[in-house]
Structures are given as C-alpha cells and as structure tokens.
Amino acid sequence: MPGSFARAGERFSGSLSLWVLSGDGSWGFWVSPERQEEGGPGCFAVPPRRHPGLWCGKAEASCRGKGGNGVRTDASLAACQQQRAYWCRMMDPCRTWGAMALLCLLVLGGHPGPCRVSIYPEEPTVEFGTSLLLNCTSSCRNYSRLSWEVSITKMGMQGPGWVSLSIPNVTSWSLELQCFGVFGEQRDIANTTLHAYRFSPPKIYLEGDMVAGKEARVTCNVSTQVSPLEPPNLHLMLWGGGLPPSTHRGPSVGLSFTAQPEQHNREVTCEAVLRLGRRTVNASAVVTLWVWAAPHDVEVWAPRTVFTTGDNLTVMCRAEGNPLPQLRWEMPTNTSWKLWDGGTTITIPAAQRVHNGTYRCLAENRYGAGAAGIDLVFQGSSRSPLIPVVVILAVVTVLAGVAVSWWLYHTQSWKPMPS
C-alpha cells in the first residue's frame, strides 16, 4: 500500500498520526497512537472543517509546500497527486467504512478487545498514618464515566484516560478500593485492597557485661502491627561479630554464646523483613560488642639472658586484656634498676652478680590477673682481678733479680789499687 499523503510516523499537530479523508470530502479520520484530544490511542472520526486542505479532488495547492494543519509534503507534485488518487480510490463511499475499520485494527493504538480499567499500584501498601496516591487508568478514551468507589471521602484529580485518588492520612489497617469505567453499555471494574502497617526499626540488647570465657546473650526485638485479621509475616536474622547466624519468625530473636576476647569491637547486625503480600519492608540495626577480658597472652622477654659484670640489661613485658592491665614486677633485687614505657620495660645499667635470678611480670585488671617470667644468669667477669697483681709481682721480681745480678757483678770485679 503506498504511503498516505500525511505519512504515518510524521509529526502532525504534535503527534504521530495518519490522516485520511473520505472521497467526497464530507468527513475524515485520524489513526493516531499518541492522540490526546480525542481521548487516547485509536481511530477517531473528525469533520473535514477541522483540517482543510486534504480533500481528494480539491485544491491542488494541497500537494505543494505545507498541507493543512502543518503537514509536511516534501514529495513532488506528481508523487503527491499519485498518492491523492490512491486514497481517493480507497475512500470511495463503498469502501470508506471498511477501510477505516481495517486501519483501526492494523495501526498501532487500535482496540480490538474490550476496554479495561486498572489500578496502580496494584497492591497498595503504606505505613499507617501516612499519605497515599493511587491512579486508575482506562485502556480506552471513549468512556462516559471513570471514577472511584471507596468508603472514604474522595480527593484527587482527573485527566484524559485517568483519575487519581488521594488519601492524605491512612487510618484504616485494611481498605477496599474499587475503580470503574463505563464504556457505552459495557462496564469494567478493578478492585484492590489497601494494607497499612506499623514497623519500627529493630533494637539490639546486650544482656549484662560480656566477659571473655563466660556465657553471653544478644537479643533483637522488633515492634510491628498490621491488620488485626492477619498476623504479621515477620522474619528476623541476627549475624556478625563472629557469631553463627540465627533466624526466627516473629518479633524477637536471641543468641547465646561464649564470649571471646577477639569479639571485642566486632559488629552484630539484626535485620527484620516484613512481608506484605508481594511487597517486603526491611529494617536493620547494628551494635558493637564490648567484651571485657582478664589479662591474657602475658609475655616477658630480654635481648640477653646471660650476662657478666658491667653489662646493661633490658627486660620487657607485654599483656593483653580489657581494660588494659596494670603491670608490676617481681625481681631478685630492688637496687640499680629503672622502669620505662609505663612499667613495661626494666633497664639495669652495669649489672652485678646480685641481678642474677628470675624476673616476673604480673598483669592485673578488675577481671583477673596473669603472669610470666624469665631467668637471667650471671656468668662472672670476663677477666680475673688477680691478673694485674701477678703481673706487677712478676715485673718487680724481674727488676729485683736484675738489680741483684748487677750488684754482684760489680762487687766481684772490684779490686783495691796497689800503693
């Protein structure tokens, strides 16, 4: 089929359309998927006086430049006349109504089926005491009435093919809603039920002080309310913090466990899921575990464990715990030592034999105590104090022997001179 004079897909008065006139020019019709002023997609009969200039067998100026109501006619005059002749044949009174019916079925926007109304959202769910806006739409625009049937005061707006319903304050847990459209002798009805709910964020409770090595418990509670006729479909999940996940259906979930030092400052999450028909509402809460712990992993070490007189000694201690443990020392002697770094390090300059023995570190907090120790061994001086004496005596002895030998030599070789 050759394209129409105003081709489908061209802009015509702001819409995508196909414009056809009867052979005698007594009437015409649109095929327009975007047509609004006629009430929606479909085929619409319009009197030719609304769109002059596209009359078959009439003014040939219609085939030049700009056609009626702004239709662009870029085709040549011969092509335009050919198209016009085709449509004039097609719009013969004997064929006019059949052609229009065929086009209404084939062109986008036709409505071969019955007209329907629908409600959006299909399953309205809203928090109790808040507002809600619903829309009812019609698949056809040739309705005589489109309206809501509800048990509350109707508030809203209306436009081509739609009517809204505004509820500024939802105060019913369950409300039946009905929208209907009247299409000649046909009447179509759409029904839905509004569901309201209350849903507070979860709250996590840590029962008492958590102390490492002792039993502890975490509990999560949620407050929710729906229609009295339906119990809430509520699921809770508790996980994190090194705990095994725990799931429960209902408003509360708890988990007992033995607290461990490594769980300190770990996060535990509680997630609540409320199912309302095909819709779900989620909320979650997070809490940080605070685990108290007695001193543990106490460690004492030294760069050297064997020393001699005059060596510099260093002994260090480290301990874990919550709160941080206080450290104190037990040592072989209370002389010639100093504490550094808050009591974690002992230094002994010029160690002596009295510093030989066990160095013990005691770590304490209000939840307990821990200890560790190390032995430092005195090995004696690297040189004997008698050596200098022996050397001196040896030197004195040698010098004495030399002196005596020299004296004897000179004594024996001395003689008196003759008179």
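In what follows, the structure referred to is the one given above.
Structural notes, computed from the coordinates.

The rules behind the values
Residues numbered from 1 in each chain as written. Predicted model: local features only at pLDDT ≥ 70, side-chain atom pairs only at ≥ 80, totals over all residues. Heavy atoms only, no water. Pairing = 2+ DSSP bridges. Helix = DSSP H or I, 4+ residues; strand = E, 2+ residues; numbered from the N terminus. Axes fitted to C-alpha atoms, helices over the stretch in contact; angles between N-to-C directions. Buried < 20%, exposed > 50% of the residue type's maximum accessible area, 1.4 Å probe, protein only. Salt bridge = Lys/Arg side-chain N within 4 Å of Asp/Glu carboxyl O. Disulfide = S-S within 2.5 Å. Core = buried A, V, L, I, M, F, W, Y, C linked by side-chain atoms within 4.5 Å. Contact = heavy atoms within 4.5 Å.

### Some details on the sheet that holds strand E13 (residues 203–206)
Right, on to step 1. Taken in spatial order, the three strands make up an open sheet running E13-E15-E19, and their pairing is antiparallel. The open sheet has two edge strands, E13 and strand E19 (252–258), and neither has a second partner. Neighbour-to-neighbour, the strand axes of the sheet open up by a mean angle of 15°, direction not taken into account.
Right, on to step 2. Note that E13 and strand E15 (residues 215–221) share four bridges and pair antiparallel. Bridge pairing in E15 places Tyr205 opposite Thr219.

### Notes on unusual backbone geometry
Right, on to step 1. For the peptide bond that leads from Tyr120 to Pro121, omega is -5°, which places it in the cis range.
Right, on to step 2. Backbone torsion omega between Asn322 and Pro323 reads 5°, so that peptide bond is classified as cis.
Right, on to step 3. Structurally, the position occupied by Pro323 is in the loop between strand E24 (313–322) and strand E25 (326–330).
Right, on to step 4. Unlike most non-glycine residues, Asn265 shows phi in positive territory, near 70°.
Right, on to step 5. With respect to the helices, strands and loops of the structure, Asn265 is situated in the loop between E19 and strand E20 (267–276).
Right, on to step 6. The class for Asn265 is partly exposed, based on a relative accessible area of 48%.

### A closer look at the pattern of salt bridges
Right, on to step 1. Within the structure shown, the criterion is met by nine salt bridges.
Right, on to step 2. Of the charged contacts in the structure, one is a salt bridge between Glu122 and Arg278, with a shortest N-O distance of 3.2 Å. Pair noted here: Glu122 is in the loop between strand E5 (117–120) and strand E6 (125–127) and Arg278 is in the loop between E20 and strand E21 (279–288), with a separation of 156 residues, a long-range link.
Right, on to step 3. Given the relative accessible area of 51%, Glu122 is considered exposed.
Right, on to step 4. Across the pair Glu207 and Arg217 runs a salt bridge whose closest N-O atoms are separated by 3.7 Å. Here Glu207, found in the loop between E13 and strand E14 (210–211), pairs with Arg217, found in strand E15; they are ten residues apart in sequence, far enough to count as distant.
Right, on to step 5. Connected through shared salt-bridge partners, Glu122, Glu123 and Arg278 make up one network.

### With respect to the state of the cysteines
Right, on to step 1. Per the stated rule, a full pass over the model turns up four disulfides.
Right, on to step 2. For Cys220, the disulfide goes to Cys270, at an S-S distance of 1.9 Å. Because the torsion about its S-S bond is -85°, the bridge between Cys220 and Cys270 counts as left-handed. One end of the pair, Cys220, is in strand E15; the other, Cys270, is in strand E20, with 50 residues separating them in the sequence.
Right, on to step 3. Across the disulfide from Cys317 sits Cys361; the S-S distance is 2.0 Å. On the sign convention where negative is left-handed, the bridge of Cys317 and Cys361, at about -80° about the S-S bond, is left-handed.

### Focus: the nonpolar core
Right, on to step 1. Ranked by size, the top nonpolar core spans 28 residues in total, and within it Phe199, Val218, Leu238 and Leu274 carry the most contacts.
Right, on to step 2. The set of elements that each furnish at least two residues to this core consists of strand E12 (186–199), E15, strand E17 (233–240), E19, E20 and E21.
Right, on to step 3. Ranked by the residues each element gives to this core, the list is headed by E20, at five residues.
Right, on to step 4. Apart from the residues within four sequence positions on either side, Phe199 is in contact with Glu127, Val222, Ser223, Thr224, Leu234, Ala272, Leu274, Val281, Asn282 and Ala283.
Right, on to step 5. By size, the runner-up hydrophobic cluster in this structure holds 24 residues, among which are Cys140, Tyr143, Trp173 and Ala196.

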